[in-house]
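# Summary of structural features
Here is what each chain is made of, one letter per residue.
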Number of protein chains: 2
Amino acid sequence: MNIEMIRAAAGRLAGQVRRTPLLGSPFLDEIAGRRVLVKPECLQHTGSFKYRGARSALSALTPEVRARGVIAFSSGNHAQGVALAAREFGVPAVIVMPADAPALKIANTRAYGAEVVLYDRATEDRDAIGTALAAERGLTLVKPFDEPQVIAGQGTIGLEIAEQAAEAGIGRAEVLMPTGGGGLASGIALALAAEAPGLRVRPVEPEGFDDVKRSLERGEISPNARLTGSVCDAIVTPAPGAITFPILKALAGPGIAVTDDEALGAMVQAFTRLKLVVEPGGAVALAAALFHGREIEGEAVVVVLSGGNVDPALFAQALDRFA
Amino acid sequence: MNIEMIRAAAGRLAGQVRRTPLLGSPFLDEIAGRRVLVKPECLQHTGSFKYRGARSALSALTPEVRARGVIAFSSGNHAQGVALAAREFGVPAVIVMPADAPALKIANTRAYGAEVVLYDRATEDRDAIGTALAAERGLTLVKPFDEPQVIAGQGTIGLEIAEQAAEAGIGRAEVLMPTGGGGLASGIALALAAEAPGLRVRPVEPEGFDDVKRSLERGEISPNARLTGSVCDAIVTPAPGAITFPILKALAGPGIAVTDDEALGAMVQAFTRLKLVVEPGGAVALAAALFHGREIEGEAVVVVLSGGNVDPALFAQALDRFA
């Protein structure tokens, strides 16, 4: 896993992924007490950064292997990314999803042409299901984060941030991103280490599901005690990965944990101030920038909004409570 | 009023306005029955395209005149645009606003540092109030649409659409935009006539407030019978302007009128499919593309989302009804 893989992924993704802008708002700067620059990956194809990693992984397969099809397991955003990338290449995609995933995510994954296989998150093991189906049909498993070509795809966000921060005159800053298994954080960390060493990654998670934060504190992988009960469902994963964690241990600053209400409040700020739709899990880094300023260093902070696939009823409730 | 003024405005605005992207979604294409390309000016500074015209107008004043300050009357988006542009130039801004404008718009205008003077939309004449204040304090009146340098600023959107449509391989298409007094539509029409003659402007308005549509049909200015009662408040104006109407008469195709429910439905589609926050008036062109396809010609349509300053409670209600 190295910067050359990220540069190669950027070449394969050119013209396919959206180069998302770097936005700001004087109102957010005022709340945060420093300049806030936002990278809205909710505007990416399929509504999340996951399309980058999926497209990177599929584009790295040989045509023969890719033609047999791919399989993925995901609570939603990775699923949509793999489904769209597979459709673009004209190959089959099977997505193994928890039966309690948001209805919109299941419907969208099917709409992108994928076959959806549902499983019970409490009683079944998605890895076992995925591995069995892959073997049976000759499908290639595209892991959601602990997979070098996926990490390379997510790392292209880091290449863009390095360029865009330089254009904005920012040479030193912390870069906050929502973190589940660490594919996004580790990809960006590798890209920034090579291209913008004054920018440092800070993983952000929901309180009670802060496996990356704890693992970084302890210096070893420390899994989450539970996997349900956060409104930030999209970024709750069992533990950082065998590939992602060593990268974060070497390159990332300390993790930050935010409450569900802080995530929802940041979601409403993105609505009001940036005119962007962000899902709760996608808003945790903005929540950290707005409400945990004392845990952050520097005059400017860069924040990744990682996805926008939020249930409309939940969004309406958050507007009622926090707007 | 000519293309050279728009090109000059683009030069003055370079590095100040956001060059908004041209986005799409396969789901919107499916609903519309043709390719839909969206220009999200809700992502512009202050949350609407109005900043372009305001910044253009202020930047065209001599430093001496500008230093005495500016005044504007507006239901909200023009107000915020003028307020921010004035703050950037370090000059005073007085904004005359209807007392029943959305609270968020009044608060934001004040937050940008402007002095807000409220008036009663039913009993007072905003033009008279504005003119008197301007004379009294030596302020320059920045009209919301019937002002050449404002039209030139809005026309920079047309220059961007011409380039971005060509990059997307689109040489012939109709270009739909929300239309009040016609500043946005006439500016884009002039830009496209010069830079992309295969693209034709189609003004879109709320049903019952379709003064531009009727005026184009009759060949003469035909004012609205009433000015209140539409959820699309941001784009309800008395009549097309003395400068904007002749431009639209020469260059635009027929107008399209959409219902309030269609506007709200399009607002929800922008939420779900594009992850963008759009106000009802800012969504009428998308509503026309999605729900009035038989009134549109061609394999692709370009749609301007003109603003995103929507009341959160109204947005939550629309999600409950249409998502």
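Positions within a chain are numbered from 1, following the residues in the order the chain's sequence is written. Each chain is given a letter, starting from A, and each ligand a number, starting from 1, according to the order in which they appear as written. The predicted nature of this model means local features are confined to residues of pLDDT at least 70 and side-chain atom pairs, given and counted, to a pLDDT of 80 or more, with totals for whole chains, interfaces and linings taken over all residues.

A run of DSSP states H or I qualifies as a helix once it reaches four residues; a run of E qualifies as a strand once it reaches two. Both are numbered from the N-terminal end. Helices and strands together make up the secondary structure of chain A, namely 14 helices and nine strands. Throughout, the radius of gyration refers to the C-alpha atoms, and the reference size of a globule is 2.2 Å times the residue count to the power 0.38. Against the compact-globule benchmark of 20 Å for 323 residues, chain A has a radius of gyration of 18 Å, which places it among compact chains. Projected onto its principal axes, the C-alpha coordinates of chain A cover approximately 55 × 45 × 40 Å. Of all 323 residues assigned to chain A, the portion counted as buried reaches 57%. Residues with at least 20 other C-beta atoms within 10 Å of their own are called buried, those with 12 or fewer are called exposed, and the rest are partly exposed. The C-beta atoms themselves are positioned from the backbone.

A residue pair is marked as a contact if its C-beta atoms, positioned from the backbone, fall within 7 Å. Each partner contributes residues to the interface: chain A has 17 residues there, and chain B has 17 residues. For the side of chain A that touches chain B, the element with the most residues is helix α14 (residues 312-322) of chain A, which contributes five residues.

Before going further, it helps to examine the relation of the copies chain A and chain B. Structural alignment of chain A on chain B gives an RMSD of 0.0 Å, achieved by rotating through 180° and translating 0.0 Å along the axis. Those values place the two copies in the arrangement expected of a two-fold rotation axis. The overlap is high: 100% of the interface residues of chain A also sit at the interface in chain B, so the same surface is used on both sides. Alignment of the copies relies on least squares applied to C-alpha atoms, considering only residues that score at least 70 for pLDDT in both.

A few words now on the sheet that holds strand β4 (residues 115-119) of chain B. Residue and element names in this part refer to chain B. Pairing is parallel across the open sheet formed by four strands, whose spatial order is β4-β3-β2-β5. Looking along the sheet, the strands with just one partner apiece sit at the ends: β4 and β5 (140-141). Note on pairing: two strands pair once DSSP finds at least 2 bridges between them. Both strand β2 (residues 70-73) and strand β3 (residues 93-98) contribute to a ladder of four bridges, which runs parallel. If you follow Val-70 over to β3, its bridge partner there is Ala-93.

Phi angles above zero are rare outside glycine, and Lys275(A) is one such case at about 60°. With respect to the helices and strands, the residue Lys275(A) is situated in the loop between α12 (260-274) and α13 (284-291). We classify Lys275(A) as buried; it has 29 C-beta atoms within 10 Å. You will see that Thr46(B), though not glycine, has its phi angle at about 70°, which is positive. Structurally, the position occupied by Thr46(B) is in the loop between β1 (35-40) and α3 (50-60).

Okay, the sheet that holds strand β7 (residues 199-206) of chain A next. Residue and element names in this part refer to chain A. Strand order in the open sheet made by the five strands is β1-β9-β6-β7-β8, with parallel pairing throughout. On the outer flanks of this sheet lie β1 (35-40) and β8 (256-258), each paired with one strand and no other. Averaged over all neighbouring strand pairs, the angle between strand axes comes to 25°, with direction disregarded. In this structure, strand β6 (residues 173-178) lies alongside β7, joined through six bridges in parallel fashion. Considered in β7, the bridge of Ala-173 is made with Leu-199. Angles run from 0 to 180 degrees between N-to-C directions of axes, and those axes are lines fitted to C-alpha atoms, restricted for helices to the stretch in contact.

What follows covers the packing of helix α5 (residues 77-89) of chain A against helix α6 (residues 103-111) of chain A. Residue and element names in this part refer to chain A. Where α5 contacts α6, the two axes come as close as 9 Å, and the packing angle between them is 10°. In terms of orientation, α5 lies roughly parallel with respect to α6. Residues Ala-79, Gln-80 and Ala-83 of α5 touch α6, and the partners they reach there are Lys-105, Asn-108 and Thr-109. Residues of the contact of α5 with α6, tallied by class, amount to two nonpolar, three polar and one charged. Each angle receives one of four descriptions, namely roughly parallel if under 35 degrees, roughly antiparallel if over 145, roughly perpendicular if within 65 to 115, and oblique otherwise. Each residue gets one of three labels, nonpolar for Ala, Val, Leu, Ile, Met, Phe, Trp, Tyr, Cys and Pro, charged for Asp, Glu, Lys and Arg, and polar for the others, Gly among them.

Turning our eyes to something else, we now look at the domain arrangement of chain A. All names here are of chain A. The domain limits used here are those given by an automatic or database domain assignment. When cut into domains, chain A gives domain 1 (3-49 + 148-322) and domain 2 (50-141). Each of domain 1 and domain 2 has a C-alpha centre, and the two are 23 Å apart. Contacts between domain 1 and domain 2 engage 23 residues on the former and 18 residues on the latter. Broken down by secondary-structure element, the contributors of at least two residues to the side of domain 1 that touches domain 2 are α1 (3-13) and α8 (148-167). Looking at the side of domain 1 that touches domain 2 element by element, the count peaks at seven residues for α8. Split by residue class, the side of domain 1 that touches domain 2 holds eight nonpolar, twelve polar and three charged.

All names here are of chain A. A large share of strand β9 (residues 300-305) lies buried, amounting to six of its six residues. Side chains Ala-300, Val-302 and Val-304 project from β9 onto one buried face, and the interleaved Val-301, Val-303 and Leu-305 project onto a second face that is buried too. As judged from the six bridges shared by β1 and β9, these two strands associate in the parallel manner. Within β9, the position partnered with Arg-35 by the bridge is Ala-300.

With that settled, the discussion passes to the packing of α12(A) against α14(A). Residues and elements named next belong to chain A. As a packed pair, α12 and α14 sit with axes 9 Å apart at the nearest point and diverge in direction by 90°. Between α12 and α14, the crossing angle belongs to the class labelled roughly perpendicular. Each of Leu-264, Gly-265, Met-267, Val-268 and Phe-271 in α12 lies in contact with α14, whose residues at this interface are Ala-318, Leu-319, Arg-321 and Phe-322. Tallied by class, the residues present in the contact of α12 with α14 amount to seven nonpolar, one polar and one charged.

Residue and element names in this part refer to chain A. In this fold, Val-310 is placed in the loop between β9 and α14. By the C-beta count within 10 Å, which is 27 here, Val-310 ends up buried. Spatially, the C-alpha atom of Val-310 lies 9.6 Å from that of Ala-234, the residues being 76 residues apart in sequence. Those residues in contact with Val-310 that sit more than four places away from it in its chain are Val-277, Glu-279, Pro-280 and Phe-315.

Note on helix geometry: an α-helix contains 3.6 residues per turn, so any two residues three or four positions apart are oriented the same way. Residue and element names in this part refer to chain A. Relative to the 18 Å expected for 13 residues at 1.5 Å per residue, α5 spans 19 Å between its end C-alpha atoms, a close match to the ideal helical length. All of the buried residues in α5 are Asn-77, His-78, Ala-79, Gln-80, Gly-81, Val-82, Ala-83, Leu-84, Ala-85 and Ala-86. Gly-90 sits one or two positions beyond α5 and adopts a positive phi of about 70°. Take the number of residues in a helix, subtract one, and multiply by 1.5 Å to get its expected span.

Attention now moves to the pairing of strand β3 (residues 93-98) of chain A. All names here are of chain A. Burial within β3 is extensive, with six of its six residues counted as buried. Side-chain alternation along β3 places Ala-93, Ile-95 and Met-97 on one buried face and Val-94, Val-96 and Pro-98 on a second face that is also buried. Note on the crossover from strand β2 (residues 70-73) through α5 to β3: the handedness is right-handed. Sheet topology note: the β3/strand β4 (residues 115-119) ladder contains five bridges and is parallel. Within β4, the residue paired with Pro-98 across the bridge is Tyr-119. Assessed by its sense of winding, the connection that carries the chain from β3 through α6 to β4 is right-handed. Seen with its strands pointing away from the viewer, a crossover is right-handed if its path from the first strand over the helix to the second goes clockwise.

Attention now moves to the environment of Gln317(A). Residue position: Gln317(A) is located in helix α14. Remark: the alpha-carbon pair of Gln317(A) and Leu264(A), spanning 53 residues in sequence, is separated by 9.6 Å.

Residue and element names in this part refer to chain A. Mapped onto the secondary structure, Asp-210 falls in the loop between β7 and α10 (211-218). C-alpha separation for the pair Asp-210 and Glu-30, spaced 180 residues apart in sequence, amounts to 28 Å. In contact with Asp-210, other than residues within four places in its own chain, are Glu-205, Gly-255 and Ala-257.

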